[in-house]
Amino acid sequence: MDDLMALALVLRASPLALLLPHGNQGDASSEFGNGEVRNDELWQWAIGERPLDDDDTRRFQAASLPAWLEVRSLTMSIGRGAVPIGEFDQWWNTKTGDSRGDS
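Within any chain, residue numbers begin from 1 and follow the written order of that chain's sequence. pLDDT decides what is reported in this predicted model: residues at 70 or higher carry local features, side-chain atom pairs at 80 or more are listed and counted, and totals for whole chains, interfaces and linings draw on all residues regardless. Heavy atoms from the whole structure form the basis of all side-chain values; hydrogens and water molecules are not counted.

Draft legend 1. The arrangement of the overall build of the chain in detail. In terms of helices and strands, the chain carries five helices and two strands. Helix and strand labels come from DSSP, where a helix needs a run of H or I of at least four residues and a strand needs a run of E of at least two; each type is numbered from the N terminus. The helix and strand sequence of the chain, counted from the amino end, reads α-α-β-β-α-α-α. Here's how the labels work: a residue is buried when its accessible area is under 20% of the maximum for its type, exposed when over 50%, partly exposed in between, all with a 1.4 Å probe on protein chains only. The proportion of buried residues among the 103 residues of the chain is 19%. In the chain, of all internal contacts separated by at least 6 residues, the share reaching a separation of at least 24 is 20%. Note on contacts: a residue pair is in contact if any heavy atoms of the two residues lie within 4.5 Å.

Draft legend 2. Geometry of the pairing of strand β1 (residues 29-32). At least two DSSP bridges between two strands are required for those strands to pair. In this sheet, strand β2 (residues 35-38) lies alongside β1 in antiparallel orientation, the contact comprising four bridges. Following the sheet pairing, S30 is matched in β2 by V37. Counting the residues that bridge the hairpin from β1 to β2 gives two residues, and of these G33 lies at a positive phi of roughly 65°.

Draft legend 3. Region of the structure containing the pattern of salt bridges. A pairing counts as a salt bridge when a side-chain nitrogen of Lys or Arg comes within 4 Å of a carboxyl oxygen of Asp or Glu. Under the counting rule described, the total for this entry stands at two salt bridges. In this structure, R38 and D40 form a salt bridge, with 2.7 Å as the shortest nitrogen-oxygen distance. Using a relative accessible area of 36% as the deciding quantity, one classes R38 as partly exposed. Using a relative accessible area of 10% as the deciding quantity, one classes D40 as buried. One salt bridge connects R38 with E41, and the closest N-O pair in it is separated by 4.0 Å. Residues joined in a network through salt bridges with shared partners are R38, D40 and E41.

Draft legend 4. Structural context of the environment of R50. When you line up the elements, R50 lands in the loop between α3 (39-46) and α4 (57-64). Looking at R50, the relative accessible area reads 26%, which means it is partly exposed. Taking the C-alpha atoms as reference points, R50 and F60, separated by ten residues in sequence, lie 6.7 Å from one another.

Draft legend 5. Quick peek at unusual backbone geometry. Here the phi dihedral of R12 falls at roughly 55°; this positive angle occurs in a residue that is not glycine. The topology assignment puts R12 in the loop between α1 (2-11) and α2 (15-19). Taking relative accessible area as the criterion, R12 reaches 80% and is therefore assigned exposed.

Draft legend 6. Looking closely at a negative patch on the surface. Patches in this entry comprise residues that are over 30% relatively accessible and not in a salt bridge; like charges within 9 Å are linked, as are nonpolar side chains (Val, Leu, Ile, Met, Phe, Trp, Tyr) within 5 Å. To measure how exposed things are, a 1.4 Å probe is used in the Shrake-Rupley method; for residues, cover is taken only from the protein chains shown. When charges are counted, Lys and Arg contribute as positive and Asp and Glu as negative, whereas His and the chain ends are disregarded. Lysine's charge is taken at NZ, arginine's at CZ, aspartate's at CG and glutamate's at CD. Taken together, the side chains of D53, D54, D55 and D56 define an acidic patch exposed on the protein surface. Along the chain, D53 falls in the loop between α3 and α4. On the basis of relative accessible area, D53 is assigned to the exposed category, the value being 52%.

Draft legend 7. Quick peek at the environment of M5. Examined against the element boundaries, M5 turns out to sit in helix α1. Each C-alpha atom of the pair M5 and L16 lies 9.8 Å from the other, and the pair is eleven residues apart in sequence.

Have a look at this one:
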């Protein structure tokens, strides 16, 4: 694990970017466990956003994330296109009513 973290630091990337597949949202699948999982679902699971199975989402999030961590995910809204990173803060503030304007 330390080697992965060091490599991620050198490459200036998230460790998840080194572990998980990239590709189009929802179009591509990867073999995982005993089956295939869409790449967007795999990333949502890895960042602690939602379980891969039908488990309770809140229970999964409580077990996956520290209580102090606020996650601002681009995938939290289902059925919409990707938000360009330069527009994310404005989109998030509109979505959540957050008027602080900080990232």
